[in-house]
Structures are given as C-alpha cells and as structure tokens.
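# Commentary on secondary and tertiary structure
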2 protein chains.
Amino acid sequence: MKKHDPASGSNDEGSGRRRQILEIAAQLFAKKGYRGTSMRDIGEQAGVLGGSLYHHIKSKDALFVELHNAALDAAESSIAQAVRAQDDPWARLAAACAALLEIQLAPDSLTMPMMNDFREVPDAVRQQLIARRDRFEEVFRSLVAGLPLPSHIDRSVYRNLLLSQLNSASNWYCAGRLAPDEIAAQIVSIFRHE
Amino acid sequence: MKKHDPASGSNDEGSGRRRQILEIAAQLFAKKGYRGTSMRDIGEQAGVLGGSLYHHIKSKDALFVELHNAALDAAESSIAQAVRAQDDPWARLAAACAALLEIQLAPDSLTMPMMNDFREVPDAVRQQLIARRDRFEEVFRSLVAGLPLPSHIDRSVYRNLLLSQLNSASNWYCAGRLAPDEIAAQIVSIFRHE
DNA sequence: CCTACCGATCGGTAGG
DNA sequence: CCTACCGATCGGTAGG
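All values derive from a computational prediction rather than experimental measurement.

Quick notes on the rules
- In this convention, every chain numbers its residues from 1, walking through the sequence in written order.
- Chains carry letters from A onward and ligands carry numbers from 1 onward, assigned in written order.
- In view of the model being predicted, local features appear only for residues whose pLDDT reaches at least 70, and side-chain atom pairs are presented and counted only at 80 or more, with totals across whole chains, interfaces and linings using the full set of residues.
- To line up the copies, we fit them by least squares on C-alpha atoms, keeping just the residues with pLDDT of at least 70 in both.
- For the purpose of contact definition, each residue receives a C-beta atom placed from its backbone, and two residues are in contact when these atoms lie within 7 Å.
- Placing the C-beta atom from the backbone, one calls a residue near a molecule or strand if that atom lies within 6 Å of it.
- Under the DSSP-based scheme used, a helix requires at least four consecutive residues in state H or I and a strand at least two consecutive residues in state E, with every element numbered from the N terminus.
- Any residue that is not Ala, Val, Leu, Ile, Met, Phe, Trp, Tyr, Cys, Pro, Asp, Glu, Lys or Arg is counted as polar, Gly included; the first ten are nonpolar and the last four charged.
- In this scheme the burial state of a residue depends on its C-beta neighbours within 10 Å: 20 or more other such atoms mean buried, 12 or fewer mean exposed, and anything in between means partly exposed; the C-beta positions come from the backbone.
- The span you would expect from a helix comes to 1.5 Å times its residue count less one.

### Looking at the relation of the copies chain A and chain B
- Relative to chain B, chain A is turned by 180° and slid 0.0 Å along the rotation axis, the superposed coordinates differing by an RMSD of 0.0 Å. Those values place the two copies in the arrangement expected of a two-fold rotation axis. When C-alpha distances to the rotation axis are compared across chain A, the minimum falls at A:Gln165, with a value of 3.0 Å.
- Looking at chain A, 100% of its interface residues are interface residues in chain B too, so the copies touch through the same face.

### Side note on the protein's contact with DNA strand D
- Around DNA strand D sit 15 residues in total, of which A:Val48, B:Ser38, B:Gly51, B:Ser59 and B:Lys60 are the nearest.
- Of all the elements in the fold, those that place two or more residues in the surface near DNA strand D are α2 (39–46) and α3 (60–84) of chain B.
- Class assignment of the residues belonging to the surface near DNA strand D gives a composition of four nonpolar, seven polar and four charged.

### Structural notes on the protein's contact with DNA strand C
- By nearness alone, 15 residues border DNA strand C, and A:Ser38, A:Gly51, A:Ser59, A:Lys60 and B:Val48 come closest of all.
- Mapped by element, the contributors of at least two residues to the surface near DNA strand C are α2 (39–46) and α3 (60–84) of chain A.

### Details of the environment of B:Ser156
Residue and element names in this part refer to chain B.
- Tracing the sequence through the fold places Ser 156 in helix α6 (residues 155–168).
- Judged by the 15 C-beta atoms lying within 10 Å of it, Ser 156 is partly exposed.
- Distance in space between the C-alpha atoms of Ser 156 and Arg 141 is 8.0 Å, their sequence separation being 15 residues.

### A closer look at α3(A)
- With 25 residues, α3(A) ought to run about 36 Å at 1.5 Å a step, and its terminal C-alpha atoms sit 36 Å apart, in line with that.
- Three or more residues of α3(A) are buried, namely A:Lys60, A:Leu63, A:Phe64, A:Leu67, A:His68, A:Ala71, A:Leu72, A:Ala75 and A:Ile79.

Structural data, given as structure tokens:
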C-alpha cells in the first residue's frame with residue numbers, strides 16, 4: 001500500500017521504469033526540442049498513453065529541469081575526474097573538453113545536449129536552467145584563468161567562444177568521421193596560444 | 001481591382017505594411033523561437049488579430065522560410081562586399097566574421113539570428129533551411145581553404161567550429177561590453193595559426 | 001482588417 | 001496503466 005516517491009532514488013521495479021522513461025524523454029527532447037516533444041510522444045516510445053506518465057513525473061516542466069540538471073551533474077563530475085589527472089593547464093583544458101564532448105556527442109544515455117534551447121522553454125523553467133548552467137560554467141572559468149594566454153585575448157570572450165563550440169558540436173558532428181576526443185584535440189590545438 | 005502578389009517586391013502602401021510585419025515576425029522568431037511564436041503573437045505586435053496576417057502571408061511555415069532566406073541573402077552580400085576589399089587571407093576571414101557578427105548581433109532589423117533552431121521546425125521547412133544554409137556556408141569553406149593553416153588542423157572541423165561560434169554569439173553577447181567587430185577580432189586572433 | 005469559427009493538439013486530471 | 005475527458009491554444013479559413 002506504500003506509494004513510492006517518484007522523485008526519490010529508490011531502486012525497486014517502479015524506479016527502473018522511471019529511469020527508462022527519463023532516458024526516452026532525454027532522447028526526444030534532444031532530438032525535437034522542448035516544445036517539439038509532447039507527453040504523448042514520450043508515452044508512445046514508452047508504450048503507454050501520455051496521461052499515464054504522470055504517475056512517474058509531476059509535470060513536463062519538472063521532467064525537463066530534472067533531465068537538464070542530471071546531465072550537468074554527470075558532465076560536472078566527469079570533467080572533474082578528467083581534470084584531476086592532469087597538471088599542465090593546457091592538458092587540463094584538453095581533458096575537460098574531451099570529457100564534455102564525450103557526453104555531448106553520446107548518441108543515447110540520459111546525458112544529452114540540451115543547454116541550447118533556453119528560448120523555447122517557459123520562463124519559470126528557463127530561470128532554473130540558466131542558474132544551473134552558470135554554476136556549471138564556473139569550472140571553465142577557472143580552467144581558462146589558469147591558461148598562460150597572450151594579454152590581448154579577452155578571457156571572458158575566450159571562455160564563451162569555447163563553450164559555445166562544445167555545446168553546439170552535436171549540430172554538425174558526424175559519427176562516421178572524427179571521434180569526440182579527436183575533435184577535442186582539434187579545438188585545443190586551435191585555442192592554444194602563449 | 002488588381003490584387004498585389006504578397007510575395008512580390010512591389011513598393012506600394014500594402015508592401016510597406018508587409019515589410020513591417022516581416023520585421024516584427026523576425027524579432028519574435030529570434031527571441032522566442034519558431035514554436036514559441038504564435039501567429040496571434042505576431043498579430044498582437046502588429047496591432048491586428050492573428051487571422052488578419054493571412055492577407056500578407058501564405059502560412060507560418062512560408063513566413064519563416066522567407067525570413068530565414070532573406071537573412072542569409074543579406075548576410076551573404078554583406079560578407080561578399082567586406083571580403084572584396086581585402087587581399088590577405090586572414091584579413092579576408094576577419095572581414096567576413098565582422099560582417100556576419102554585425103548582422104547576428106543587430107538588435108532589430110529583418111536580418112536576424114535564426115539558423116540555430118532547425119530542431120523545432122516542421123520537417124518540410126527544415127529541409128529548405130538546411131539547403132539554403134549549406135549554400136551560405138560555402139563562402140566560409142572557400143575562405144578557410146585560402147588560409148595557410150598548420151597541417152595538423154582539419155579544415156572541415158575548423159570551419160564548423162568557426163561557424164558555430166558566429167551563429168551562437170547572440171546567446172552570450174552583451175551589448176554593453178565589446179562591439180561586434182571587437183569580438184570578430186578576438187575570434188580571428190584565436191583562430192589565427194600559421 | 002474583424003467576427004466567428006474549424007479541427008487538431010496540447011498539458012494535465014479523475015476515477016477506476 | 002487505461003478510459004474519458006477538461007480548458008487552452010494552435011494554424012488557418014469563410015464571409016463580409
């Protein structure tokens with residue numbers, strides 16, 4: 001008779017089903033955008049009607065915010081681990097770019113590229129997304145601060161350019177050609193100046 | 001009794017009204033995205049009801065395609081003119097970046113940043129947008145081909161990284177800080193290698 | 001350019 | 001998890 005909290009991390013049968021739904025939703029949001037993905041679309045992929053999803057989630061807004069934050073959590077910890085193993089500032093930047101691209105370009109999984117469509121999301125959702133993203137970008141602010149850049153380069157612009165590349169790589173990435181870590185190497189070789 | 005073709009370039013009173021509507025639509029699409037902008041939203045800004053817009057346009061899809069193509073036409077000719085005045089390959093690239101950014105970061109006008117939301121547009125529209133964009137990007141392909149780049153840099157990746165930066169600059173650009181041409185200079189100074 | 005409306009689709013809910 | 005439905009909103013149209 002005990003109802004399990006749909007937002008909890010409990011690992012019974014219902015929770016596995018919930019994770020499956022989250023992964024389906026993440027893929028659809030990544031492919032079609034927030035407004036382009038209806039609850040009925042998600043339900044169809046999960047084999048249920050749209051309304052039935054509300055036993056697992058509170059609302060479409062909350063679902064999207066949860067996915068977005070989970071993706072940034074995963075990226076943050078993966079980057080932290082990759083950077084920890086490096087000492088040279090350029091090597092640290094390269095490791096961070098490779099780790100982020102590996103996530104951004106993964107074709108499936110729950111970690112998906114969705115920090116770009118702030119425009120098509122309701123205002124209340126957008127504020128949460130922006131707050132989380134700003135926190136995420138702090139790690140790049142400190143990585144860039146550690147670089148021995150020529151003085152004529154504006155580090156704020158440099159960081160924004162770098163991040164916009166990493167975030168939009170999925171728009172032109174073609175799985176057949178270079179691997180994510182090769183693209184990261186290209187980016188760093190372009191952004192490397194001293 | 002003569003009906004004027006709404007897609008023609010005639011310059012009578014009706015055509016001026018039409019251009020005004022196009023500018024309003026361009027601003028809304030740029031700010032809220034394709035799906036986030038309803039015909040009623042556009043009508044409201046223009047001081048009429050949504051249904052009344054259909055005397056000036058055929059459909060929302062056609063309106064968006066027209067705006068997108070007009071923006072790329074304007075960018076293409078502005079870039080061509082800027083590049084023509086330069087001889088050195090790096091100077092040509094710098095001129096092209098400055099011209100494109102000037103358009104991408106202009107707060108109003110009909111030329112607007114909208115080559116990013118291919119995801120939220122209907123399939124039939126997306127195909128037209130992609131075809132036009134691919135043609136637009138050819139000019140950058142040839143500019144990059146003219147650069148004396150180190151051999152370890154992949155020119156295809158280089159071009160995609162450059163374009164993704166130019167296209168998403170409006171996401172972080174803050175009018176108070178650097179001017180568009182200063183940002184273009186920063187980009188070129190980062191992308192300059194020999 | 002408005003009134004008045006169409007069918008379709010949306011996010012979400014009640015009750016079982 | 002389904003049936004059956006809610007009110008809201010969408011793109012678009014007929015007729016004036």
